[in-house]
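Here is how the chains run, residue by residue.
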Amino acid sequence: MTALLSGRGLTRMFDGNNGCDHVDIDLHPGEVTCIVGESGSGKTTLLNLLSLQLRPDAGSLYYRTLDGARIDLGLASEMDRRRLMRTEWGFVRQNPRDGLLRDVSAGANISERLMANGARHYGALRDTAIDWMRKVELDHGRVDDLPRDFSGGMQQRLQIARNLVTGPRLLFMDEPTAGLDVSVQARLLDLLRTLTSQLGIAMLIVTHDIGVARLLAHRLLVMHRGRIIETGLTDQVLDDPQQPYTQMLVSSVLPV
Amino acid sequence: MKSPCQWNETVTLPSKNDAVFRNGDYNFAYLDEQTKRMIRRALLKAVAIPGYQVPFAAREMPLPYGWGTGGIQLTAALIGLGDVLKVIDQGADDTTNAVNIRSFFERMTDVATTTLVQEATLIQTRHRIPEAPLRADQILIYQVPLPDPASRLEPRGTERANMHAFGDYGLINVKLYEDIAQHGSVAMAFDYPVIVNGRYLASPSPIPKFDNPKLHMNPALQLFGAGRERRIYAIPPFTSVRSLDFDDHPFTIQAWDESCALCGAPDSFLEEMIVDDRGNRQHICSDSDYCAQRRAIQSDDVRHQEVMP
């Protein structure tokens, strides 16, 4: 299988020891990949490198476009990178406050990417917004409400709708369920699982929650001190961890 | 080592204007020649890239920010002895801002001034475009408070620079969407953002949206100066200017049921005035010159009819 996004030797170090150290990674089309690891292990740095939010100190990134061409993102023009980021990629932030436009309605939030890509028909935009609110299980009668009038879990779902509206091929998520209570988390995870299997998009999720990884991920990467120390199918890694750190990580999940 | 500046200093700076300009305390048109040169360079760049905001080193002018420090600097950089200057504020030649800027240039240049739009070669304006069509030998200079329509939506200047560089204008359309969602129509009545030459997003300055269609394919050169924000931009003659809208909510301009109470104009931008203590109202033209010229023609016609029955 040809990878959608590949990183080779990705390195970005902060103060000499924290960060991301010579990481090789492949994200495949339609596959959900989770990065787990403790705080400071470099998982968010890796996510930011892959999603072009951070420039690597060293290493390269390759992306396979829709027509099958393989482009080096380090050499791509800023114009191409921005087009990619607003059409074929999505980014769901840990805090919906960072990923939403706070002063405009839910409908405008969902429509922004479409308008950035040239949509110019208000009625059609609104219908699409309402449709997406339905898909992420939000009350579509609230399409004109401001994000702050929604609860935390609803804001997170709004953020997901806002990113999926352009039909991206790759979605980056940074701790999407952190800060939500357990029942809301479960609903969000359920929604994510349904959407990814329906839409067949690749996802990269950073989480420190092994439960989230177990539920969503096809493939698991374990990071420790800036390096990927173990990788494989989720069940394989979680049921039969090879590395001492992974064993420790898996065994430290509290049984319910 | 010779710096680039020293090269400029070898050029004889005082222009031919200075020889005949009588006010010895100030340079012709107040600004020193180097400053005018710097502004003219920025202007050339602005004309070459329609709608692009060119940074310039705006000087302090003897009037407060917000009163036209940008426009006045452009006028000062462009004005020559052969020019005829008209200054309007809200369409009128006799409002405070217009009167003071006009008298400033009368004192600083001795050039002729006028209220007649046909006579003027330079027109400095605040908040209006004259009703009468402009010609290719005229320059319209706008005073601009906020040159970037996105500044209220995206506070980071670096990010706005990127938006312009990559033509990434989704955010400004979010504002239109939100207006229609909340108010049923786009709620901007003035300073209605435009796309110049199919490329750059620009503020037309706080002119009513009634005037936006006049920006499009205008034979006159249109220059915009923002003094506090230190930006110059231009709409060269015969350049396309499109007001932002949606396909199903097209751009519309203001319209009135009334005609001008003084000159009867059915198609000019009208201001509603309260004329007595009982709250009676009148609609009259905001463009005082347009209104006066129409009335002059009407009274001529009346006289003509009286003389030659």
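Here the structure is a predicted model, which is why all the values come from computation and not from measurement.

Undergrad: So what exactly am I meant to see when it comes to the overall build of chain B here?
TA: What chain B contains, in helices and strands, is 9 helices and 12 strands. Here chain B has a C-alpha radius of gyration of 21 Å; the compact-globule value for 309 residues is 19 Å, and the two agree. Overall size of chain B, expressed as C-alpha extent along the three principal axes, is 75 × 55 × 40 Å. Taken across its 309 residues, chain B has 43% of its residues classed as buried.

Undergrad: Would you mind showing me how to read the overall build of chain A here?
TA: When helices and strands are counted, chain A shows 10 helices and 10 strands. Reported as C-alpha extents along the three principal axes, the dimensions of chain A are approximately 55 × 50 × 35 Å. Expressed as a percentage of its 256 residues, the buried residues of chain A come to 45%. Nonlocal contacts in chain A, meaning residues at least 24 apart in sequence, comprise 65% of its contacts between residues at least 6 apart.

Undergrad: How should I be thinking about the sheet that holds strand β4 (residues 58-64) of chain A in this particular structure?
TA: Strand pairing in a sheet relies on backbone hydrogen bonds, with the paired strands running either antiparallel or parallel. All names here are of chain A. Taken in spatial order, the 4 strands make up an open sheet running β2-β1-β4-β5, and their pairing is antiparallel. Only two strands of the sheet have a single partner each, and these edge strands are β2 (18-27) and β5 (70-72). Averaged over all pairs of adjacent strands, the angle between their axes in this sheet comes to 20°, without regard to strand direction. Both β4 and β5 contribute to a ladder of 3 bridges, which runs antiparallel.

Undergrad: What is the right way to read the confidence of the model for chain B from this model?
TA: When pLDDT drops low, the exact placement of atoms in the prediction is not to be read closely. All names here are of chain B. Residues of chain B with pLDDT of at least 70 account for 91%, and the chain-wide mean is 91. For residues 1-13, every residue scores under 50 in pLDDT, and the model assigns this stretch 2 contacts once sequence neighbours within four places are set aside. Reported confidence for the predicted complex is 0.85 by ipTM and 0.84 by pTM.

Undergrad: It is not clear to me how the environment of Ser 259 of chain B should be interpreted in this structure. Could you clarify?
TA: Residues and elements named next belong to chain B. As for its placement among the helices and strands, Ser 259 is situated in the loop between β10 (241-243) and β11 (270-274). For Ser 259, a count of 16 C-beta atoms within 10 Å translates into the label partly exposed. The spatial distance from the C-alpha of Ser 259 to the C-alpha of Pro 204 is 26 Å, given a sequence separation of 55 residues. In this structure Ser 259 touches Gly 264, Ala 265 and Pro 266, once residues within four positions along its chain are discounted.

Undergrad: What should I look at first to understand the sheet that holds strand β3 (residues 32-37) of chain A in this one?
TA: All names here are of chain A. On the basis of which strands lie adjacent, the open sheet formed by 6 strands has the order β6-β7-β8-β3-β9-β10 and mixed pairing. For this open sheet the edge positions go to β6 (89-92) and β10 (227-233), each flanked by a neighbour on one side alone. Within this sheet the neighbouring strands show an average axis-to-axis angle of 15°, counted without direction. In terms of strand pairing, β6 meets strand β7 (residues 170-174) through 4 bridges, oriented parallel. Each residue of the ladder has a partner; that of Gly 90, found in β7, is Leu 171. Across the sheet, helix α6 (residues 152-164) lies against β6 and β7, angled at about 170° from β6, the strand it touches most.

Undergrad: Could you clarify how one ought to interpret the interface of chain A and chain B in this entry?
TA: Often, the extent of an interface is quoted as the loss of accessible area on bringing the components together. At the junction of the two partners, chain A supplies 19 residues and chain B supplies 14 residues. Only α2 (78-87), α4 (106-116) and α5 (122-135) of chain A provide two or more residues apiece to the side of chain A that touches chain B. In terms of residues, the side of chain A that touches chain B owes the most to one element, α4 of chain A, which gives 7 residues. Its residues assigned to classes, the side of chain A that touches chain B comprises 8 nonpolar, 5 polar and 6 charged.

Undergrad: Got a minute to help me understand helix α5 (residues 96-109) of chain B in this structure?
TA: Think of an α-helix as turning once every 3.6 residues; residues three or four places apart then point the same way. Residues and elements named next belong to chain B. The terminal C-alpha atoms of α5, which comprises 14 residues, lie 20 Å apart, in line with the 20 Å expected from a rise of 1.5 Å per residue. Within α5, the full set of buried residues consists of Asn 97, Ala 98, Ile 101, Arg 102, Phe 104, Phe 105, Met 108 and Thr 109. Buried residues in α5, looked at end-on, bunch into an arc of 155°, giving them a common side. Seen from the buried face of α5, the exposed residues on the opposite side, beyond 90 degrees, are Thr 96, Ser 103 and Arg 107.

Undergrad: Which parts of the structure should I look at to understand the pairing of β7 of chain A?
TA: Two faces make up the sheet, and in a regular strand the side chains alternate between them. Residue and element names in this part refer to chain A. Of all 5 residues that make up β7, 5 are buried, and the element is covered over most of its length. Of the two faces of β7, both are covered, the one formed by Leu 170, Phe 172 and Asp 174 as well as the one formed by Leu 171 and Met 173. Alignment of β7 against strand β8 (residues 202-206), held across 5 bridges, turns out to be parallel. Its bridge partner lying in β8, Asp 174 is registered against Val 206. Regarding topology, helix α7 (residues 182-199) serves as the crossover connection from β7 to the parallel β8, and that connection is right-handed.

Undergrad: How do you make sense of α7 of chain A when you look at a structure like this?
TA: All names here are of chain A. Compared with an ideal rise of 1.5 Å per residue, which puts 18 residues at 26 Å, α7 spans 25 Å between its outermost C-alpha atoms and is within 8% of the ideal. Looking at α7, one finds that the buried residues are Gln 185, Leu 188, Leu 192 and Thr 196. Along the axis of α7, the buried residues cluster in a sector spanning 65°; they form a single face. Opposite the packed face of α7, turned more than 90 degrees from it, sit the exposed residues Ser 183, Ser 197 and Gln 198. Looking at the packing, one finds that the buried side of α7 touches β3, α6, β8 and α8 (210-216).

Cut-off values and rules
Residues numbered from 1 in each chain as written. Chains lettered and ligands numbered in written order. Predicted model: local features only at pLDDT ≥ 70, side-chain atom pairs only at ≥ 80, totals over all residues. Helix = DSSP H or I, 4+ residues; strand = E, 2+ residues; numbered from the N terminus. Rg over C-alpha atoms; globule rule 2.2 N^0.38 Å. Buried ≥ 20, exposed ≤ 12 C-beta atoms within 10 Å, placed from the backbone. Contact = placed C-beta atoms within 7 Å. Pairing = 2+ DSSP bridges. Axes fitted to C-alpha atoms, helices over the stretch in contact; angles between N-to-C directions. pLDDT = per-residue confidence, 0-100. Nonpolar A, V, L, I, M, F, W, Y, C, P; charged D, E, K, R; others polar. Expected span 1.5 Å × (residues − 1). Arc of directions from axis to C-beta. Right-handed = clockwise from strand over helix to strand, strands pointing away.

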